[in-house]
Amino acid sequence: MSAYRDGDKVVVMLPSRLSKAEEEQWIATILERLEERERRRRPSDADLEARARELSRRHLGGRAMPVSVRWVGNQRTRWGSCTPDDGTIRLSTRLRGMPPWVVDYVLVHELAHLIVPGHGADFWKLVGNYPKAERARGYLEGVAAAAHLPMEGEMAAGDAGDDLPPEYRHGVAG
């Protein structure tokens, strides 16, 4: 027994030997499991903000305290963005459904900007506190390459000119 999404439809595959009542029972069970799995992979804004606070506590010593964290649908070339002046963090809805450790990386990246606005060595040291940082960066680079999106380019660690003024509105490209 299995189920998968095909556009807006859910395709459920069941053995032909099941009775109609068993089919209905299994379909309900499978759809419930699928919905729960999707809910976990698509957190709400409130879930996202709570996760950001936990990640700040765990990986940044609680030093990054965002005022708000929310999903936005208007970021086509960035995975996330942060405005250090007002403490807001926005994540692209394109991240929804990606593995939680990838979303966590983008959150940590943006949280680090609340402490260090630019992309200098101090910034990357903070981001490096997240144990799956390199793995997540590679994942996002692969997604960007497959979708023919712009890569991080000048926003990569160690690039010249990455000391940006505090008012810089930053975003993780991709």
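Residues numbered from 1 in each chain as written. Predicted model: local features only at pLDDT ≥ 70, side-chain atom pairs only at ≥ 80, totals over all residues. Heavy atoms only, no water.

1. Quick look at the pairing of strand 2 (residues 9–13)
Reasoning step 1: Examined bridge by bridge, strand 1 (residues 2–6) and strand 2 share five bridges and lie antiparallel to one another. By the bridge assignment for strand 2, Asp6 is matched with Lys9.
Reasoning step 2: The loop that links strand 1 with its antiparallel partner strand 2 comprises two residues; one of these, Gly7, has a positive phi angle of about 70 degrees. (Pairing = 2+ DSSP bridges. Helix = DSSP H or I, 4+ residues; strand = E, 2+ residues; numbered from the N terminus.)

2. Remarks on the packing of helix 3 (residues 100–115) against helix 5 (residues 133–146)
Reasoning step 1: Their axes nearest at 9 Å, the elements helix 3 and helix 5 cross at an angle of 100 degrees. Relative to helix 5, the element helix 3 lies roughly perpendicular. Between helix 3, through Trp101, Val102, Tyr105 and Val106, and helix 5, the contact on the second element is made entirely by Ala133, Arg135, Ala136, Arg137, Tyr139 and Leu140.
Reasoning step 2: Its residues assigned to classes, the contact of helix 3 with helix 5 shows eight nonpolar, no polar and two charged. (Axes fitted to C-alpha atoms, helices over the stretch in contact; angles between N-to-C directions. Parallel < 35°, antiparallel > 145°, perpendicular 65-115°, else oblique. Contact = heavy atoms within 4.5 Å. Nonpolar A, V, L, I, M, F, W, Y, C, P; charged D, E, K, R; others polar.)

3. Concerning the packing of aromatic side chains
Reasoning step 1: A full pass over the atoms with the stated rule returns two aromatic pairs.
Reasoning step 2: Here Trp101 and Tyr139 contribute two aromatic rings whose centre-to-centre distance is 5.6 Å and whose plane-to-plane angle is 75 degrees, an arrangement assigned as edge-to-face. Placement of the pair is Trp101 in helix 3 and Tyr139 in helix 5, with a sequence separation of 38 residues.
Reasoning step 3: A residue is classified by how much of its surface remains accessible, and Trp101, at 17% relative accessible area, is buried.
Reasoning step 4: Centroid distance Phe123 to Trp124: 4.9 Å. Interplanar angle 80 degrees. Geometry classified as edge-to-face. (Phe/Tyr/Trp six-rings, centres within 6.5 Å; stacked < 30°, edge-to-face > 60°. Buried < 20%, exposed > 50% of the residue type's maximum accessible area, 1.4 Å probe, protein only.)

4. A short note on helix 2 (residues 45–59)
Reasoning step 1: If you check helix 2, its first and last C-alpha atoms are 21 Å apart, about what 15 residues at 1.5 Å a residue would give, namely 21 Å.
Reasoning step 2: Buried residues of helix 2: Leu48, Ala52, Leu55, Ser56 and His59, and no others. One face of helix 2 carries all of its buried residues, which in axial projection span an arc of 100 degrees. Facing away from the buried side of helix 2 by more than 90 degrees, the exposed set consists of Ala46 and Arg57.
Reasoning step 3: Close packing links the buried residues of helix 2 with strand 3 (68–72), strand 5 (88–92) and helix 3. (Expected span 1.5 Å × (residues − 1). Arc of directions from axis to C-beta.)

5. Quick notes on the confidence of the model for the chain
Reasoning step 1: Looking at the chain as a whole, the pLDDT averages 83, with 83% of positions reaching at least 70.
Reasoning step 2: Here residues 153–170 is a poorly scored stretch, pLDDT under 50, and it has 40 contacts once near neighbours within four places are set aside; other chains count. (pLDDT = per-residue confidence, 0-100.)

6. Examining the pattern of salt bridges
Reasoning step 1: Under the defined criterion, the tally for this structure stands at five salt bridges.
Reasoning step 2: In this structure, Asp104 and Arg51 form a salt bridge, with 2.5 Å as the shortest nitrogen-oxygen distance. Pair noted here: Asp104 is in helix 3 and Arg51 is in helix 2, with a separation of 53 residues, a long-range link.
Reasoning step 3: By relative accessible area, Asp104 is classed as buried at 8%.
Reasoning step 4: For Glu141, the salt bridge goes to Arg137, with nearest N and O atoms at 4.0 Å. Residue Glu141 and its partner Arg137 are located together in helix 5, separated by four residues, close to a single helical turn. (Salt bridge = Lys/Arg side-chain N within 4 Å of Asp/Glu carboxyl O.)

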